[in-house]
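# Fold and geometry: a report
One letter stands for each residue in the lines below.
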Amino acid sequence: RKFQQRLERSPGQVVRYSWDGNPLWMAPPPKELATGTWPPPCSCCGSGRIFELQLLPTLVTQLQSVAPKGLPGLSSEWGTIVVYTCAQDCAQEGACEEFVVVQPAV
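Counting restarts for each chain, with residues numbered from 1 along the sequence as it is written. With the structure being a predicted model, the display of local features is reserved for residues of pLDDT at least 70 and the display and counting of side-chain atom pairs for 80 or more, all residues being used for whole-chain, interface and lining totals. Each side-chain value is derived from all of the structure's non-hydrogen atoms; neither hydrogens nor water enter the calculation.

Further remarks concern the overall build of the protein chain. Segments assigned H or I by DSSP are reported as helices when at least four residues long, segments assigned E as strands when at least two residues long, and all are numbered from the N terminus. Assigned secondary structure in the protein chain consists of 3 helices and 4 strands. Listing the helices and strands of the protein chain from first to last along the sequence gives α-β-α-β-α-β-β. Seen along its three principal axes, the alpha-carbon backbone of the protein chain occupies a region of about 40 × 35 × 20 Å. Buried means the residue's accessible area, taken with a 1.4 Å probe over protein chains only, is under 20% of the maximum for its type, while exposed means over 50%, and partly exposed covers the values in between. Buried residues in the protein chain amount to 32% of all 106 residues. Any two residues having at least one pair of non-hydrogen atoms within 4.5 Å are treated as being in contact. Of the contacts formed within the protein chain by residues at least 6 apart in sequence, a portion of 69% connects residues at least 24 apart. For the protein chain, the exposed area adds up to about 6800 Å²; of that, 52% sits on carbon and sulfur atoms. Only the protein chains shown count as cover for residues, with accessible areas throughout obtained via the Shrake-Rupley method and a probe of 1.4 Å.

Quick look at helix α3 (residues 58-66) now. Of all the positions in α3, only Thr58, Leu59 and Val60 are classed as buried. Those residues of α3 that are buried lie in contact with β2 (49-55).

Any Lys or Arg side-chain nitrogen found within 4 Å of a carboxyl oxygen on Asp or Glu counts as a salt bridge. Using the criterion set out here, one finds 1 salt bridge in the structure. With a closest N to O distance of 4.0 Å, Arg49 and Glu98 form a salt bridge. Of this pair, Arg49 sits in strand β2 while Glu98 sits in the loop between β3 (80-86) and β4 (99-103); the two residues are 49 residues apart in sequence, bridging distant segments of the chain.

Once that is clear, we can look at the sheet that holds β2. Strand order in the open sheet made by the 4 strands is β1-β2-β3-β4, with antiparallel pairing throughout. The sheet is open, and its two edges are formed by β1 (15-17) and β4, each paired on a single side. Strand-to-strand, the axes of this sheet are offset by a mean angle of 25°, without reference to chain direction. The pairing criterion is simple: DSSP has to find at least two bridges between the two strands. Bridging between β3 and β4 involves 5 bridges; their strand directions are antiparallel. Among the inter-strand pairings, Val82 is bridged to a residue of β4, identified as Val101. Interaxial angles span 0 to 180 degrees and are taken between N-to-C directions of axes, which are lines fitted to C-alpha atoms, for helices over the stretch in contact.

Let us look at unusual backbone geometry. Cis geometry is found at the peptide bond from Trp38 to Pro39, where omega equals -15°. Take Pro39: it is sitting in the loop between α2 (31-35) and β2. With phi around 50°, Asp89 is a residue other than glycine that occupies positive phi space. With respect to the secondary-structure elements, Asp89 resides in the loop between β3 and β4.

Below, the discussion takes up a nonpolar patch on the surface. Nonpolar side chains collect at one region of the surface, where Val15, Tyr17 and Trp19 lie side by side and expose about 310 Å² of accessible area between them. For Val15, a relative accessible area of 40% translates into the label partly exposed. Residues qualify for a patch when their relative accessible area is over 30% and they have no salt bridge, like charges being joined within 9 Å and the nonpolar side chains of Val, Leu, Ile, Met, Phe, Trp and Tyr within 5 Å.

Residue position: Gln13 is located in the loop between α1 (2-9) and β1. In this structure, Gln13 is in contact with Arg6, Leu7, Leu56 and Thr58, ignoring residues within four places of it in sequence.

Printed below as a string of structure tokens:
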């Protein structure tokens, strides 16, 4: 319910950014988050990870509306995508893998 209420306040939003904030879940979050299994430590420096941004399901609709012939293979079979990044914002040479949780649509 909270997820839907937040989307109704700004129906055009496609990304929520909140460094060290809290994601909005469509349903209860995965049990791995509650048990501390997720997110795993940063693969570059070993520090903990924190919530940084969230992709909302409205993103698919927005992308489809601007693509002249649609986007083949673009699926809306997800509810929200949550990205966790290094809490130390480590700056290693090259790319540093982030941790992503995909919550299915309900």
